[in-house]
Amino acid sequence: MSRQMNIDPSNQTFSELMSNNTKYIVPRFQRDYSWEQEQWEDLWNDIQELEGEGAHYMGYIVLQRKVSNEFEVIDGQQRLVTLTLLILAYIHKLQSFIDNGEDVSNNKERLELMQSSFIGVKSLVTLSVDSRLTLNRNNKRYFKNICDSLNPTNPIGISKSNDLLRKAFEFFKSKITLSTGVEVAEHIITFTSALFFTKITVLDGINAYKVFETLNARGVMLSTPDLIKNYIFSIIAQVETITETELDELDEKWSEIIIQLGEKNFTDFVRYLYNSEYSYVAKKDLFKSIRNKYQTPQAASTYLTKLSTNASLYTSLSKPHDEWWVSTDNTYLGAKPYLEAFKLFGIKQPNVILLAAYNKFTPDEFVKTAKYLYMLSIRYNIICNYSSSEQEKKYNIIAKKITRGNYERASHIKNNNEFKDLYPKDDIFKNTFAFYKMPSRRFAKKIRFLLAEIEKSQFGRSVNYLDVTLEHICPYNPSEEWRATFGEGVQDVSDRLGNMVLLNRDELKRDPFNVKQRAYLDSSILLTQKAGIYGEWKLASVNAYQEILADLATKTWKVDYQ
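Residues numbered from 1 in each chain as written. Predicted model: local features only at pLDDT ≥ 70, side-chain atom pairs only at ≥ 80, totals over all residues. Heavy atoms only, no water.

1. Quick word on a negative patch on the surface
A surface patch of negative charge is lined by Glu246, Glu249, Glu252 and Glu256. Turning to its location among the elements, Glu256 is positioned in helix H12 (residues 244–261). (Patch = residues over 30% accessible without salt bridge, like charges linked within 9 Å, V, L, I, M, F, W, Y side chains within 5 Å. Areas by Shrake-Rupley, 256 points an atom, 1.4 Å probe, with all protein chains shown as cover. Salt bridge = Lys/Arg side-chain N within 4 Å of Asp/Glu carboxyl O. Lys, Arg positive; Asp, Glu negative; His and termini not counted. Charge placed at Lys NZ, Arg CZ, Asp CG, Glu CD. Helix = DSSP H or I, 4+ residues; strand = E, 2+ residues; numbered from the N terminus.)

Next comes the structure, spelled out in structure tokens:
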């Protein structure tokens, strides 16, 4: 692999990475600095534990060689920048010793050695640092200011990423409590020699992307947003007549996409959008597929526009109460209950179909599509807990047919073989529901939703699942009386859906069943009343009541094929 792809892999410590006057350049269009306190604390804690471990692995860093000792950072900039800020914090500590007249001569020498080894050499004339690490165009100037002055400003209007640079520097400054220059030097030598990376150096841009694909295929997930942006902008920038202003505008468009989605949702969005048009691609193959699909400046520019157009829609699919829905046709508001359910249960698979349906269907047909997918999701994902991988592949086929105009209505979706193959039949769903458990301490809101939906669908009584409480008939922490009733199986009953009811107000706690029974029969919730018909509450009662729930649930989440 190494010879074919011109790869030079090696393990190097941070100290070795920064040796020999090596320079690292973050490509102009790579994302801004984004690490926050959680990552800073993790790094600091890892360094504090080095005395016991002796070494700490920092993962892959992928570089593209430009000239002899100069590299573009394809993946790894967040770690390189943060470690450099940590070094700068140590240098700031040394400077404070010098300012206080402590071991001035030796500390000046230590400071100069640290600066030249890890940060860069200062010009005697301008006192500006010739930085070993150069960031992208949005962070470059501010980062260099920290390197030059060790006193970053906090001006009004500072960008979020530059403010994160400042905060990271201040965070590490606050953590360093050493009292001598010798201790500072020892600390730096210790951690820079103990933190090691797998450095992969490639000789051209295409090989850099090949490395990314290869590592992702092996389960080492590098930053998809960074690589996609770098690739798309590198293709667009091939147009000789494109101006800096035009590139700035495209960069702003990209930033707006990231702001709308959030980086955690970006990869899902890109993959679902891709799968709504083309053959199914798994997450590990996403970048490779995009690279193969968009290879010309025109195609790359069109793709960027497509991302921008669909980002708001995708964001709003996971935010049913977003203002975006108010600006659309009022008919779309009918989809909100189904989108709320997807959000509550963390179900994302329908998004690939919904993206296609919004762009191709009428508002009414979009709402019907959301409803059918909701019915299927409760059966397939929640109760039967079937494979999401198989589901995504069949959803991909449906989405492609919508995009290509083969399906024009929601009924075309529910009546096709892909949908029917996924849809659990009534007997399977009912039998699974009859013995279904859900950890109620973690998922009480979800259980309340399911029971409220049954109440609404089967009895026509609207219950807001957010305004009611979940009551365990046999208490979650049972009394001795309840333990005697259920014996050793008491813990197996607590999370059965047949052991739970909704109450407007629950003050029953561990009361005996005859007390609870009266409250159930007096409840305004008809489903809860049905739990009060039993003379006693034993395992047979739980089974019988859950059978009733299963029958009602089968009718509640049912797609009508007639």
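2. Digging into helix H15 (residues 297–317)
Its 21 residues place the ends of H15 30 Å apart at the C-alpha level, agreeing with the 30 Å of an ideal helix rising 1.5 Å per residue. At Asn310, H15 shows its largest kink, close to 35 degrees. Those residues of H15 not exposed but buried are Ala300, Tyr303, Leu304, Lys306, Leu307, Asn310, Ala311, Leu313, Tyr314, Thr315, Ser316 and Leu317. (Expected span 1.5 Å × (residues − 1). Bend = angle between axes of the 7 residues up to and from the residue. Buried < 20%, exposed > 50% of the residue type's maximum accessible area, 1.4 Å probe, protein only.)

3. Considering the pairing of strand S3 (residues 56–67)
Note that S3 and strand S8 (residues 195–202) share seven bridges and pair parallel. Within S8, the residue paired with Ile61 across the bridge is Lys199. As judged from the five bridges shared by S3 and strand S4 (residues 70–75), these two strands associate in the antiparallel manner. Considered in S4, the bridge of Gln64 is made with Glu72. (Pairing = 2+ DSSP bridges.)

4. Thoughts on the nonpolar core
A general feature of soluble globular proteins is that nonpolar side chains tend to end up buried together. Ranked by internal contacts, the top residues of the largest apolar core, which has 119 residues, are Phe433, Trp537 and Trp557. The biggest single contributor to this core is helix H18 (residues 363–383), with 12 residues. Leu17, Phe97, Ile98 and Phe191 belong to the second largest nonpolar core, which has 57 residues in total. (Core = buried A, V, L, I, M, F, W, Y, C linked by side-chain atoms within 4.5 Å.)

5. Observations regarding the environment of Phe287
With respect to the helices, strands and loops of the structure, Phe287 is situated in helix H14 (residues 286–293). Between the C-alpha atoms of Phe287 and Lys199, which are 88 residues apart in sequence, the distance is 21 Å.

6. Side note on the packing of aromatic side chains
With the rule as written, the count across this model stands at 30 aromatic pairs. With a centroid separation of 5.0 Å and an interplanar angle of 50 degrees, the aromatic rings of Tyr274 and Tyr278 are classed as tilted. The class of Tyr274 is buried, set by a relative accessible area of 8%. Following the ring pairs from residue to residue traces out a cluster consisting of Trp324, Trp325, Tyr332, Tyr358 and Phe366. Just above the ring of Phe429 sits the side chain of Arg379; from NZ or CZ to the centre is 4.6 Å. (Phe/Tyr/Trp six-rings, centres within 6.5 Å; stacked < 30°, edge-to-face > 60°. Lys NZ or Arg CZ within 6 Å of the ring centre and 35° of its normal.)

7. Observations regarding the confidence of the model for the protein chain
When pLDDT is low, close inspection of the predicted coordinates is not appropriate. Across the protein chain, the average pLDDT comes to 89, with 93% of residues at or above 70. Within the model, the stretch residues 1–5 combines pLDDT values under 50 with nine contacts to residues more than four positions away or in other chains. (pLDDT = per-residue confidence, 0-100. Contact = heavy atoms within 4.5 Å.)

8. A short note on the pattern of salt bridges
Going through the model one piece at a time under the given rule, you end up with 27 salt bridges. The shortest N-O distance in the salt bridge between Glu36 and Lys160 comes to 3.9 Å. With Glu36 in the loop between strand S2 (23–25) and helix H3 (37–48) and Lys160 in helix H8 (residues 160–175), the pair connects residues that are 124 residues apart, well separated along the chain. Given a relative accessible area of 62%, Lys160 falls into the exposed group. The salt bridge involving Glu536 is made with Lys538; its shortest N-O contact spans 3.7 Å.

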